[in-house]
Amino acid sequence: MQHTIPVDEIGPWGQPMAEAVQKCVHCGFCLPVCPTYRVWREEMDSPRGRIVLMKEVLEGRLEFDEALPYVDRCLGCVGCETACPSGVGYGELLTSFRGLAEASRNRSLLDRVLRWFVLTTLPYPARFRWGARMGRWAKPLRGLVPGRLGNMLDLLPSTLPHAERLPEVYPAEGPRRARVALLAGCAQQVLAPDINWATLRVLAKNGVEVIVPQEQACCGALAAHTGAAAQARRFARHNLQVFPDDVDAILTNAAGCGSGMHEYALWLRGEPEEAVAEAFVQRVRDVTEFLADVGICTIARLEKPTRVAMHDACHLVHAQGIRQQPRELLATVENLELVEIPESDICCGSAGTYNIEQPQTAAELGQKKAAAIGSTDTQVVAAGNIGCMTQINTHLIHLNRHIPVMHTMQILDRAYRGIPIDQIYE
Amino acid sequence: MERKPGGLMNASKLFEQLRRLYPPDRLLTRPAQLAPYESDGLTAFRARPAGIVLPETQDEVIQTVKLCYQHEIPFMARGSGTSLSGGSVPIQDGLLIGLNRMNRILQYEPKQRIAVVEPGVINLAVSQRATFDNLYYAPDPSSGPVCTLGGNVAFNSGGAHCLKYGMTSNHVLGLKVVLPNGEVCQLGGDSLEMVGPDMTGMFVGSEGLFGVALEITLRLLPKPEVYYTVQAAYDSLAKAGDAVTLVVASGLLPGAMEIMDRLSLDAADAAVGAGYPSDAKAILIVELEGIAEEVEAEKPRLHELIEKSGAYLVEVAKDDEQRLKIWTGRKSAFSAVGRLSPDFIVQDGVVPRTKLGESLVEIDRLSREYDIRVANVFHAGDGNLHPLIMYDGRQSGALERAECLAGEILRHCIRLGGSITGEHGVGLEKRGYMREMFGESDLEFMFELRHAVDPLQLANRGKMLPMAESPVLTTRGAHPLEKQGIISRE
Ligand SMILES: Cc1cc2nc3c(=O)[nH]c(=O)nc-3n(C[C@H](O)[C@H](O)[C@H](O)COP(=O)(O)OP(=O)(O)OC[C@H]3O[C@@H](n4cnc5c(N)ncnc54)[C@H](O)[C@@H]3O)c2cc1C
Ligand code: SF4
Ligand code: SF4
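Conventions adopted
Residues numbered from 1 in each chain as written. Chains lettered and ligands numbered in written order. Predicted model: local features only at pLDDT ≥ 70, side-chain atom pairs only at ≥ 80, totals over all residues. Heavy atoms only, no water. Near = heavy atom within 4 Å. Nonpolar A, V, L, I, M, F, W, Y, C, P; charged D, E, K, R; others polar. Domains from an automatic or database assignment. Contact = heavy atoms within 4.5 Å. Buried area = accessible area lost by both parts, 1.4 Å probe. Salt bridge = Lys/Arg side-chain N within 4 Å of Asp/Glu carboxyl O. Polar contact = N/O pair within 3.5 Å; in protein donor to acceptor, adjacent residues only side chain to side chain. Helix = DSSP H or I, 4+ residues; strand = E, 2+ residues; numbered from the N terminus. Core = buried A, V, L, I, M, F, W, Y, C linked by side-chain atoms within 4.5 Å. Buried < 20%, exposed > 50% of the residue type's maximum accessible area, 1.4 Å probe, protein only. Pairing = 2+ DSSP bridges. Axes fitted to C-alpha atoms, helices over the stretch in contact; angles between N-to-C directions. Parallel < 35°, antiparallel > 145°, perpendicular 65-115°, else oblique. Left-handed = near helix turned anticlockwise from the far one by under 90°. Areas by Shrake-Rupley, 256 points an atom, 1.4 Å probe, with all protein chains shown as cover.

Observations concerning the site of ligand 3
Working step 1: In the neighbourhood of ligand 3, the contacting residues comprise Cys34(A), Pro35(A), Pro47(A), Arg50(A), Cys74(A), Leu75(A), Gly76(A), Cys77(A), Val78(A), Gly79(A), Cys80(A) and Tyr90(A).
Working step 2: Residues belonging to the shell around ligand 3 are distributed by class as follows: 9 nonpolar, 2 polar and 1 charged.

Written as structure tokens, this is what we have:
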């Protein structure tokens, strides 16, 4: 598409944004995969339409306020990127646009308070744990808490598992085949610390030594995707410093964090750290991608034959192009049968803070996902993202289908340790 | 019905009444709601409608058209906006009727092999629905996962496999339409045998000038038992073109015959990793399909012909997955060219199949003369060319030069006894060529017909017909509508 975006005036993000707009040929191939288009069937809620809206704003022909309601309804699932034959970098356009838009937003007081609350708790495990406890006590009062705040409460688990501090180094079992650093993930550490422990054990079993930098911060994805660009940059800078250079890879086991870290170079565009960030991004890998690459060296076995359905997290399959690897890993497990979920590449509606900001759509998508899972005969759901896991779990329960939702690493871990697959899911 | 003269006053009255008919979230008038509807798959043209309605029932469409007629406000039906000829560019200050929420399959009769659908149903959805009964809807435009049947009907769309089975018009048995004056009528029926003139045939391909299709009765076919997909690589584009002439002359009737040249192969490969041979100047995809014995019998003949045509590498799809890969690459080629060039025009001219090789040489010559890159990817079996003419709209004069080149290609098609459009429609883009393609009396008849059905020229005003309604498109310089500020280019 032609555009007259004043690239230089916009600053470092001008270029990637203009490039995305220019590459879009307005063919509409992204429409059928876009969850919001599937709900509303109107152009403003389609990838193609949002690109036009962002272009109009950047060209100065439309006010931010006019376009934002539609841009805000975007899940950021980047299913459209996978579908786009023309190679439009929609994700970069969206993140940059949200960053730019923040300055001109007129948020309501409640909005600002909520946002402040989210951005000052979620990225900090200690505060989040505290907040979650408070929220738990507030649960009986759920009926009195309206709207989005209430939705936040709904997502909190009724008990928080005990979280043991992760070790600085977790050695490989047997000869060391690789050495990596792990991002522990903020919400994940609080809601399901077992995922990290399982990851450490599975990696160790396969000869991978893991370093967990104790000073690490939140990956920054949450901040970046809600437009808090400065906070995102702060987190990115910090992590660039505390993660070691002398490792084979920097691993994430939450898809959202992984795709966030892949954006460090974008967030730091035009900053002194841009080059360092680019090199860093090259080393960021999802744990399943890395493990499939180095190869499983100890075959795991489940006690009983079990059917496991693979849920494709958008931030794995669309944002990082990782689809086969987790399946490959699970396929190595004896007694495990892989099941496919219909329309597996459509977002489950979790999408970062989407649950809080657009609860209705999030719920609709969550219900659809749960129904799709329910239509299979699977006994366990495997996923690679804590956000999806919480969302799917919630909606499976609503549907009265008690199918455990587990991280791919947890399943491998259970298989290695010879314990029933669904035993510990706190 | 009493009519008042058109104008802005009428528009405000129309909207007053529409507000009673539609809730606010289905009557769009804010700039952010209108901007995304400004253009279709041909982004060189844009126009902003006065408003958009998103009906959910047939009755809402009918009431809307009636109101437009009453207030003399032009309207346009829109499907998924994938038209490549400006066909779904809105009418400036007119009303746009977005049919995407009318996407129900109303009736599905596997025994009778028909489906009755609303106009907003997606082309591919019909085959998906019928797949368990081993049936499918044959016309397969590359945009199948996106485009609507309403749009297919308006443009008489085709696809790779229309070589054997014919275009949309061969598969639409009946239509329920609302005419531009708000009257509803039923055209055709639910079988191929019908009484009287082929009114369905008149409506199919009329580019929305005769009103809005509300219900479409489709013919379903049994799925071919087997496919046999061959991909032949050539060291020149002309050779691939000549191969098609050979196959056609032999009497073989493959399901599809498609050609992609080097540029489009590169683009499609980058988009979907189709894994085409990296040194080929062109590839020809030929697909035999049908009953197993029949296909088995045709195989040796096909291979013989392909060998004779000078292919240097012949591959056969081993399984469904490989077949799908070949087709996914082919079908994503248009959009994938967006990777090679910021802008392009997709041409849609048709030449006699015996003159394919010659035409490709001519396109190559023109491309060199203009120093403009042209990618070729097309329905070779139908002689339906799709040169993708690449330009950079930011350079002054680039669009005009690209249009000039497109014009020369179209004239070449007309000279050889072909046509200016095979399946993408005339739309806004090719109206200027209608006079070259048709004689004065032919056009006169079309216009009389239009006048009889839509005397006020409300339905999709300004599209397809070059006369009277608005000035024609030119290939050079600003379009007269642009000078009047009615349409604008980016
Ligand atoms: C990447 C790409 C590949 C394509 N490949 C092919 C191909 O292989 N073969 C092919 O033939 N075309 C192809 N096309 C063109 C396009 O997809 C077709 O013309 C398609 O039929 C348009 O459908 P739509 O729903 O997008 O209609 P729109 O673009 O929305 O509308 C097209 C026309 O139909 C009219 N219309 C829509 N609905 C109705 C209705 N209910 N009643 C009356 N009029 C109506 C509109 O007014 C407009 O004039 C391709 C397009 C793209 C972008
Ligand atoms: S598929 Fe890509 S090029 Fe086509 S409209 Fe969507 S973003 Fe644009
Ligand atoms: S990121 Fe997801 S929700 Fe947003 S436009 Fe793309 S497909 Fe739609």
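Describing the domain arrangement of chain B
All names here are of chain B.
Working step 1: Here chain B is partitioned into domain 1 (1-223 + 438-490), domain 2 (224-340) and domain 3 (341-430).
Working step 2: For domain 1 versus domain 2, the distance between C-alpha centres works out to 33 Å.
Working step 3: With 12 residues of domain 1 in contact, the opposing surface of domain 2 contributes 16 residues.
Working step 4: Contact between domain 1 and domain 2 buries roughly 1200 Å² in total, counting both sides, with carbon and sulfur atoms accounting for 54%.
Working step 5: Counting the surface domain 1 buries against domain 2, the share from its top three residues, His161, Leu163 and Lys164, is 47%.
Working step 6: On inspection of domain 1 and its partner domain 2, the count reaches 1 salt bridge.
Working step 7: The partner of aspartate 140 in a salt bridge is lysine 331, and the shortest N-O contact between them spans 3.1 Å.
Working step 8: Inspection of the region where domain 1 meets domain 2 yields 5 residue pairs in polar contact (both at pLDDT 80 or more).
Working step 9: Of all the elements, helix α6 (residues 162-165) adds the most residues to the side of domain 1 that touches domain 2, at 3 residues.
Working step 10: A per-class count over the side of domain 1 that touches domain 2 returns 7 nonpolar, 2 polar and 3 charged.

A look at the nonpolar core
Working step 1: Ranked by internal contacts, the top residues of the largest apolar core, which has 108 residues, are Phe97(A), Met261(A), Tyr264(A) and Met260(B).
Working step 2: Of the residues forming this core, the biggest block, 6 residues, is contributed by helix α4 (residues 47-58) of chain A.
Working step 3: Filtering out sequence-adjacent residues up to four positions away, Phe97(A) remains in contact with Met17(A), Met54(A), Val57(A), Leu58(A), Phe64(A), Leu68(A) and Val71(A).
Working step 4: By size, the runner-up hydrophobic cluster in this structure holds 46 residues, among which are Ala232(B), Val295(B), Leu305(B) and Cys404(B).

Quick notes on the sheet that holds strand β15 (residues 313-316) of chain B
Residues and elements named next belong to chain B.
Working step 1: Read from one edge of the open sheet, 7 strands run β15-β12-β14-β13-β17-β18-β16, paired in antiparallel fashion. Looking at strand neighbours, the two that pair on one side only are β15 and β16 (343-346), the edges of this open sheet. Put simply, the sheet's adjacent strands are angled 15° from each other on average, direction ignored.
Working step 2: Relative to β15, strand β12 (residues 226-234) runs antiparallel, the two being bridged by 4 bridges. Residue pairing for β15: alanine 232 is matched across the bridge by valine 314.

Let's talk about the pairing of strand β4 (residues 95-98) of chain B
Residue and element names in this part refer to chain B.
Working step 1: Here β4 shows a buried face lined by Leu95 and Ile97 and a second buried face lined by Leu96 and Gly98.
Working step 2: Two strands pair when backbone bridges link them, and strand β2 (residues 51-53) and β4 are joined in this way by 3 bridges, in the parallel orientation. Counted as the bridge partner of isoleucine 52 is leucine 96 from β4.
Working step 3: Here 4 bridges tie strand β3 (residues 75-78) to β4, and the two strands are oriented parallel to one another. Counted as the bridge partner of arginine 78 is glycine 98 from β4.

A look at the sheet that holds strand β5 (residues 284-286) of chain A
Residue and element names in this part refer to chain A.
Working step 1: Strand order in the open sheet formed by 5 strands is β1-β3-β2-β4-β5, and the pairing between neighbours is mixed. The strands lining the two open edges of the sheet, one partner per strand, are β1 (169-170) and β5.
Working step 2: Looking at chain direction, strand β2 (residues 178-183) and strand β3 (residues 208-211) are connected through 4 bridges and run parallel. In the sheet register, alanine 178 faces β3, and the bridge partner there is valine 208.
Working step 3: The sheet contacts of helix α18 (residues 287-294) involve β2, β3, β4 (249-252) and β5, and relative to β5 the element is tilted by about 85°.

A few points about the pattern of salt bridges
Working step 1: Evaluated as defined, the whole model comprises 57 salt bridges over all chains.
Working step 2: Here Arg301(A) ties to Glu334(A) by a salt bridge, and the two come within 3.4 Å at their closest N and O atoms. Residue Arg301(A) is located in strand β6 (residues 301-310), and its partner Glu334(A) is located in strand β7 (residues 334-340); the two are separated by 33 residues in the primary sequence.
Working step 3: Residue classification places Arg301(A) among the partly exposed residues on the basis of a relative accessible area of 45%.
Working step 4: Put simply, Glu56(B) and Arg26(B) hold a salt bridge, and the shortest N to O gap is 3.6 Å. Of this pair, Glu56(B) sits in the loop between β2 and α3 (58-71) while Arg26(B) sits in the loop between α1 (8-21) and β1 (27-28), and the two are 30 residues apart along the sequence.
Working step 5: Look at Glu56(B) and you get partly exposed, because its relative accessible area is 30%.
Working step 6: Three or more residues are tied together by salt bridges with common partners; here these are Glu42(A), Asp45(A), Arg50(A), Arg73(A), Arg26(B), Glu56(B), Glu60(B) and Arg101(B).

Remarks on the packing of helix α5 (residues 64-72) of chain A against helix α7 (residues 90-101) of chain A
Residue and element names in this part refer to chain A.
Working step 1: As a packed pair, α5 and α7 sit with axes 12 Å apart at the nearest point and diverge in direction by 135°. Classified by the angle their axes make, α5 and α7 are oblique. Like other packed secondary-structure pairs, α5 and α7 cross with a definite hand, here left-handed. In this structure, α5 contributes Phe64, Leu68, Val71 and Asp72 to the contact, and α7 contributes Leu94, Phe97, Arg98, Leu100 and Ala101.
Working step 2: Tallied by class, residues from the contact of α5 with α7 come to 7 nonpolar, no polar and 2 charged.

A closer look at the interface of chain B and chain A
Interfaces are often sized by the accessible area lost when the parts come together.
Working step 1: Chain B puts 41 residues into the contact, and the matching count from chain A is 32 residues.
Working step 2: Of the roughly 2900 Å² buried where chain B meets chain A, counting both sides, 52% is carbon and sulfur surface.
Working step 3: Inspection of the region where chain B meets chain A yields 5 salt bridges.
Working step 4: Between Glu42(A) and Arg101(B) there is a salt bridge, and its shortest N-O distance comes to 3.2 Å.
Working step 5: Joining chain B to chain A, the criterion identifies 15 residue pairs in polar contact (both at pLDDT 80 or more).
Working step 6: Where the side of chain B that touches chain A is concerned, the elements lending two or more residues are α2 (31-34), α11 (320-336) and β16 of chain B.
Working step 7: Ranked by residue count, the leading element in the side of chain B that touches chain A is α11(B), at 4 residues.

Overview of the site of ligand 1
Working step 1: Ala77(B), Thr82(B), Ser88(B), Ser143(B) and Thr148(B) are the nearest of the 38 residues found near ligand 1.
Working step 2: What surrounds ligand 1 is not a single chain but chains A and B.
Working step 3: Here an oxygen atom of ligand 1 and a side-chain polar atom of Ser88(B) are 2.7 Å apart.
Working step 4: One of the side-chain N or O atoms of Glu423(B) is found 2.8 Å from a nitrogen atom in ligand 1.
Working step 5: For ligand 1, whose accessible area on its own is 980 Å², the fraction buried by protein is 99%.
Working step 6: Residue assignment for the shell around ligand 1 shows that the elements contributing at least two residues are β3, α5 (149-155), β10 (212-219) and α11 of chain B.
Working step 7: Each residue belonging to the shell around ligand 1 can be placed in one class, and the counts come to 14 nonpolar, 21 polar and 3 charged.

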